[in-house]
Protein chains: 2
Amino acid sequence: MTALIKENTKLFKTLSDPNRLRILKMLQTKSLCVCEITDILNLATSTVSKHLSILRDTGFIIEEKDGKWVNYMINPRPSDKRISSILSTLDFWISDDNLIISDKQKIQKVDRITVCSKF
Amino acid sequence: MTALIKENTKLFKTLSDPNRLRILKMLQTKSLCVCEITDILNLATSTVSKHLSILRDTGFIIEEKDGKWVNYMINPRPSDKRISSILSTLDFWISDDNLIISDKQKIQKVDRITVCSKF
DNA sequence: ATTTCACTTCGTTATATAACGAAATATATA
DNA sequence: TATATATTTCGTTATATAACGAAGTGAAAT
């Protein structure tokens with residue numbers, strides 16, 4: 001199997017996981033750090049970190065260091081036109097269900113200081 | 001995890017396999033039976049049959065019985081608008097590589113009687 | 001300097017998927 | 001009716017992926 005055809009599947013593999021779709025939808029509402037996403041998805045930190053690295057490697061999201069936090073956000077200028085296309089029409093590809101709607105509601109309330117630290 | 005978010009991933013899971021992408025590309029050139037696809041992909045018949053059932057279940061392709069053969073073809077009227085969208089812009093999503101180009105060349109030459117039967 | 005905190009990486013385990021050959025099914029031919 | 005052919009289904013095995021906790025990394029606070 002040549003390299004290019006696998007490269008073609010990479011985009012779709014990235015979109016094949018429910019939690020990654022949820023993350024994409026969440027980040028379209030608001031930039032978030034790892035612990036905020038972890039809190040909403042209710043997964044281990046390491047699991048979320050892995051999902052984020054996959055989304056980043058494929059080009060869907062970018063990261064920005066902010067002190068001890070790492071903020072993840074939708075990639076504003078993807079080099080792959082397919083990624084741009086998916087991102088600008090995400091609601092077409094991923095229809096909202098109750099879970100995604102409740103994710104959005106949680107994002108409004110989520111507070112980095114409360115969720116992530118013990119101050 | 002609710003049912004709908006998994007339904008959302010189903011489309012992408014189907015597109016996540018190199019051999020299924022090759023099959024889709026092939027069927028856009030020409031309707032083919034299982035043994036013709038098997039010959040080109042160089043896989044076991046049962047494996048190809050399984051890939052075809054996944055593509056059919058997701059709505060990308062349809063089948064048509066023709067005596068002892070089963071012809072598979074691109075679904076001309078998918079009920080899911082996302083499937084229609086992918087199918088009508090397949091070259092945008094899946095760029096041709098050498099493997100896909102050579103698949104197309106093989107399709108021109110492939111002959112059901114020669115490939116599939118021992119007459 | 002040391003500790004704390006947010007995150008990543010590593011190693012392991014459980015589950016999902018792809019592949020195969022054998023058996024079952026369905027259709028056509030002898 | 002019996003046999004051959006095309007395909008599907010089943011059972012198994014190998015590989016890929018997702019999840020976890022523990023260990024490691026780097027920045028901020030003490």
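Rules and cut-offs
Residues numbered from 1 in each chain as written. Chains lettered and ligands numbered in written order. Predicted model: local features only at pLDDT ≥ 70, side-chain atom pairs only at ≥ 80, totals over all residues. Heavy atoms only, no water. Near = heavy atom within 4 Å. Polar contact = N/O pair within 3.5 Å; in protein donor to acceptor, adjacent residues only side chain to side chain. Contact = heavy atoms within 4.5 Å. Buried area = accessible area lost by both parts, 1.4 Å probe. Salt bridge = Lys/Arg side-chain N within 4 Å of Asp/Glu carboxyl O. Helix = DSSP H or I, 4+ residues; strand = E, 2+ residues; numbered from the N terminus. Nonpolar A, V, L, I, M, F, W, Y, C, P; charged D, E, K, R; others polar. Expected span 1.5 Å × (residues − 1). Buried < 20%, exposed > 50% of the residue type's maximum accessible area, 1.4 Å probe, protein only. Pairing = 2+ DSSP bridges.

A. Expanded view of the protein's contact with DNA strand C. Surveying the vicinity of DNA strand C reveals 23 residues, the closest of which are C35, S49, Y72 and C116 of chain A together with H51 of chain B. Expressed as a percentage, the sugar and phosphate content of the atoms of DNA strand C within 4 Å of the protein is 77%. Within the backbone of C35 of chain A, one N or O atom sits 2.7 Å away from a phosphate oxygen of DNA strand C. S49 of chain A places a side-chain nitrogen or oxygen 2.6 Å from a phosphate oxygen of DNA strand C.

B. A look at the interface of chain B and chain A. Counting residues at the interface gives 28 residues for chain B and 28 residues for chain A. Around 2,700 Å² of area is buried between chain B and chain A when both sides are counted, 72% of it from carbon and sulfur atoms. Three residues, F12, F92 and W93 of chain B, lead the burial of chain B against chain A; their summed loss comes to 27% of the area buried on that side. The interface formed by chain B and chain A holds zero salt bridges in total. Linking chain B with chain A are 11 residue pairs in polar contact (both at pLDDT 80 or more), by the criterion used here. Mapped by element, the contributors of at least two residues to the side of chain B that touches chain A are α1 (3-14), α2 (18-29), α5 (81-88), α6 (90-93) and α7 (98-109) of chain B. Of the residues belonging to the side of chain B that touches chain A, the class tally is 14 nonpolar, seven polar and seven charged.

C. Helix α2 (residues 18-29) of chain A, seen in detail. All names here are of chain A. An ideal rise of 1.5 Å per residue puts 16 Å on 12 residues; α2 measures up with 17 Å between its terminal C-alpha atoms. Within α2, 10 of the 12 residues are buried, leaving the element largely enclosed by the surrounding structure. Regarding α2, the residues found buried are P18, N19, R20, L21, R22, I23, L24, K25, M26 and L27. Near the N-terminus of α2, the side chain that reaches the backbone nitrogen of N19, with its oxygen 2.8 Å away, is that of D17.

D. Inspection of the environment of K106 of chain B at higher detail. Mapped onto the secondary structure, K106 of chain B falls in helix α7. Each C-alpha atom, one on K106 of chain B and one on E36 of chain B, is 9.8 Å from the other, the two residues being 70 residues apart in sequence.

E. Quick peek at the protein's contact with DNA strand D. Taken together, 24 residues lie around DNA strand D, and A44 and H51 of chain A together with S49, Y72 and C116 of chain B are the ones closest in. Each atom of DNA strand D within 4 Å of the protein was classed as base or backbone; sugar and phosphate made up 79%. Separating a phosphate oxygen of DNA strand D from a backbone N or O atom of V34 of chain B is a distance of 3.2 Å. Contributing elements (two or more residues each) for the surface near DNA strand D: α2 and α4 (45-58) of chain A together with α3 (34-41), α4 (45-58) and β3 (69-74) of chain B.

F. Focus on the pairing of strand β3 (residues 69-74) of chain A. Residues and elements named next belong to chain A. Note that strand β1 (residues 32-33) and β3 share two bridges and pair antiparallel. Within β3, the position partnered with L32 by the bridge is Y72. Relative to β3, strand β2 (residues 61-66) is paired through six bridges, and the arrangement is antiparallel. Within the sheet, the bridge partner assigned to I61 lies in β3 and is I74.

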